[in-house]
Amino acid sequence: MGLWKRELWRLLLLTGSGLLVGWLLSHAWAGLALGLAACLAFHLHQLRRLHRWLTLTPQAEPPATTGVWGELFDRLYRYQKGQRHTQERLLGIIKRIQESSEAMRDSVVMLDRHGDMEWWNSAAERMLGLRTTHDRGHHITNLLRDPRFIDYFHARDYREPLTLPSPIDEQMVLQFQITLYGDDERLLMARDITRLHRLEEMRRDFVANVSHELRTPLTVLAGYLETYATYADQLSPRFARGLPRMQEQTARMQNLVSDLLLLSRLEIDRGGEDHAPLAMASLLASVQHDAAALSAGRHTIDVELVEPRALLGSEQEIRSALSNLAFNAVRYTPEGSRIVLRWQPRGDGASLEVEDNGKGIDPVHLPRLTERFYRVDKGRSAATGGTGLGLAIVKHVLLRHDARLEIDSLPGQGARFCCLFPAVRLRAEAPQKVSTSR
């Protein structure tokens, strides 16, 4: 307040002096106007100095003056200095981020809220072929034109990465991952997984080839064992006792080979050619019949159909997934348990579920249940004839149908396996009939 009082006294002094001089010269009002003009000229002069300082030499010391204008100059200088320090600190952080991104082997591309490319590191130039002079400000789909990436970008569901070949080298396999941040902006990262992809292809080819080669000798072995079984009464008692065991293990090996071949086909073949709307009522009834045959009256198996829409998918694959879940429930729940096959709405999509009230599963095992050959109780699984591949098959079938598997179970409270399908996989009306061939 002291500054403003001084400014007020200065104004009164100038106007008073002008009024006094004008009164002495018999022109009081002219003197008052002169005093006010002097006051206005002083403030205009200070305003001009402020403008010249801010536009011509903002980094220099502020002009020296007194009063309110001096305080204003000092405050602006301190504020400007603080902003300059903040800007330098932020620029340093940005520089360190850019340097660390440049040091990464993975591609990093920053996209604005519209999907236009703002910045990328040198790895993105090597992997994606980006050029600073041509591509900055262009939309990312102008560079990555694969329909799978365009669908992935617009779906806004980035929980899982996307694997595609590089747009500049078909031999290079990249794994794309998008992260949302800020004001709906995106960070695109691409990793070179060519070596891992080739190793995975070698593994798939090895499993498929070995499984295929095992099928013929197992078929021959099973045929001879079946022939021997017809003459069991003519065999020595020692050999006859081991014959059923050999047949059992041969059948188990044949089931294992069949499951391995199915998994290999699901991994290699992209599928989609046989997708059609499926009448879920008929499909569930068919699987219920097969599960009841396996149970032989030891379980109660019910069907609950709440969702009226049909599922768009492969009948053979969906049947395989549902049968695996239902047969597991029959094998691993005690006699007298109730098993429910359910098709019901789940959000915008639908859920295909198999629920039982058996012994349940310890949560520690749930994250690994879909791994190949993983068993909660290995001795019990072997006794029931399981191959350890059922849930792996279910997982791959669901991936091919844009779905995912959720498992909810606690010891002593049963288990529920939910196959969650998105709305795009549903059709308003189910067809009248669906094939029930095995």
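Note that the structure is a prediction, hence the values are computed from the model and not measured. Residues take numbers from 1 onward in each chain, read along the sequence in its written order. In view of the model being predicted, local features appear only for residues whose pLDDT reaches at least 70, and side-chain atom pairs are presented and counted only at 80 or more, with totals across whole chains, interfaces and linings using the full set of residues. Note that the side-chain values use all heavy atoms of the structure and ignore hydrogens as well as water.

A closer look at the overall build of the protein
Helices and strands together make up the secondary structure of the protein, namely 13 helices and 13 strands. Note on classification: 1.4 Å probe, protein chains only; a residue is buried when its accessible area is under 20% of the maximum for its type, exposed when over 50%, partly exposed between these limits. Within the protein, the proportion of its 438 residues that are buried is 36%. Contacts between residues were defined by any pair of non-hydrogen atoms, one from each residue, lying within 4.5 Å. Long-range contacts, defined as pairs at least 24 residues apart, comprise 59% of the intrachain contacts of the protein with a sequence gap of at least 6. Note on areas: these come from Shrake-Rupley sampling with a 1.4 Å probe, and a residue is covered only by the protein chains present in the view. On the protein, roughly 26,300 Å² of surface is accessible, and the fraction owed to carbon and sulfur atoms is 57%. Secondary structure is summarised from DSSP: a helix means a run of H or I of at least four residues, a strand means a run of E of at least two, and numbering begins at the N terminus for each.

Focus: a nonpolar patch on the surface
Patch membership requires more than 30% relative accessible area and the absence of a salt bridge. Residues of like charge join within 9 Å; the nonpolar side chains Val, Leu, Ile, Met, Phe, Trp and Tyr join within 5 Å. Salt bridges are defined as contacts in which a side-chain nitrogen from Lys or Arg sits within 4 Å of a carboxyl oxygen from Asp or Glu. A contiguous nonpolar patch, built from Val220, Tyr224, Tyr228, Phe239 and Met246 and spanning about 470 Å² of accessible area, is present on the exposed surface. Contributing elements (two or more residues each) for the nonpolar patch: helix H8 (194–230) and helix H9 (237–268). When residues in the nonpolar patch are grouped by element, the largest group, three residues, is from H8. Considering the arrangement of structural elements, one finds valine 220 in helix H8.

Quick look at the pattern of salt bridges
Opposite charge on two side chains lets them pair, provided their charged atoms get close. Inspection of every chain in the model, using the stated rule, returns 18 salt bridges. A salt bridge links glutamate 248 to arginine 245, with the nearest nitrogen and oxygen atoms 3.3 Å apart. One end of the pair is glutamate 248 and the other is arginine 245, both in helix H9 and three residues apart, which spans about a single turn. Its relative accessible area of 43% is what places glutamate 248 among the partly exposed residues. A salt bridge links arginine 404 to glutamate 406; the shortest N-O distance between them is 3.2 Å. On the basis of relative accessibility, which here comes to 39%, the residue arginine 404 falls in the partly exposed class. Of the residues examined, glutamate 406 reaches a relative accessible area of 28% and is grouped as partly exposed. When salt bridges that share partners are traced, they join Asp302, Glu304, Arg338, Arg342, Glu353 and Glu355 into one network.

Observations regarding the pairing of strand E3 (residues 162–165)
Of the two faces of E3, only the one carrying Leu162 and Leu164 is buried; Thr163 and Pro165 on the other face are not. Here four bridges tie E3 to strand E4 (residues 173–181), and the two strands are oriented antiparallel to one another. Within E4, the residue paired with threonine 163 across the bridge is glutamine 175. Two strands qualify as a pair provided that DSSP identifies no fewer than 2 bridges between them.

Details of the sheet that holds strand E8 (residues 310–313)
Spatially, E6-E8-E13 is the arrangement adopted by the three strands of the open sheet, whose pairing is antiparallel. Each edge of the open sheet carries a strand with a single partner, namely strand E6 (276–278) and strand E13 (426–427). Note: E8 against E13, two bridges, orientation antiparallel. Within the sheet, the bridge partner assigned to leucine 311 lies in E13 and is leucine 426.

A look at the confidence of the model for the protein
Every residue is assigned a pLDDT by the predictor, reflecting its confidence on a scale from 0 to 100. Across the protein, pLDDT averages 81, with 87% of residues at or above 70. Predicted confidence is poor over residues 430–438, with pLDDT under 50, and the contacts of this stretch with residues over four places away or in other chains come to 20 contacts.

Regarding the nonpolar core
In globular proteins that are soluble, nonpolar side chains generally tend to be buried together. The nonpolar core is taken to be a set of buried Ala, Val, Leu, Ile, Met, Phe, Trp, Tyr and Cys residues, with the residues joined through side-chain atoms within 4.5 Å. Counting 44 residues, the largest nonpolar core has Met280, Ile318, Trp343, Leu352, Leu369, Phe417 and Phe421 as its most contacted members. For this core, the secondary-structure elements that each account for two or more residues are H9, helix H10 (280–295), helix H11 (315–332), strand E9 (338–346), strand E10 (349–356), helix H13 (390–399) and strand E12 (415–421).

Some remarks on the packing of H10 against H11
A pair of packed helices is characterised by two quantities: the angle between their axes and the separation of those axes. Each axis is a line fitted through C-alpha atoms, and for a helix only the stretch in contact is used; angles between axes span 0 to 180 degrees, taken between their N-to-C directions. For the pair H10 and H11, interaxial distance at closest approach is 10 Å and the crossing angle is 35°. Considering only the axes of H10 and H11, their crossing is right-handed. Judged by residue contacts, Leu283, Leu284, Ser286, Val287, Asp290, Ala291, Leu294 and Ser295 of H10 engage Ile318, Arg319, Leu322, Ser323, Ala326, Phe327, Val330 and Arg331 from H11. Across the contact of H10 with H11, the residue classes tally to ten nonpolar, three polar and three charged. By definition, turning the near helix anticlockwise from the far helix through less than a right angle yields a left-handed crossing, and turning it clockwise yields a right-handed one. Polarity classes work like this: nonpolar for Ala, Val, Leu, Ile, Met, Phe, Trp, Tyr, Cys and Pro, charged for Asp, Glu, Lys and Arg, and polar for all others, with Gly in that last group.

Describing H8
One less than the residue count of a helix, multiplied by 1.5 Å, gives the span that helix is expected to have. Compared with the 54 Å implied by 1.5 Å per residue over 37 residues, the 54 Å span of H8 between its first and last C-alpha is a close match. Where H8 is concerned, the buried positions are Thr194, Arg204, Val207, Ala208, Ser211, Leu218, Ala222 and Leu225. Summarising the contacts, the buried residues of H8 are in contact with E4, strand E5 (185–192) and H9.

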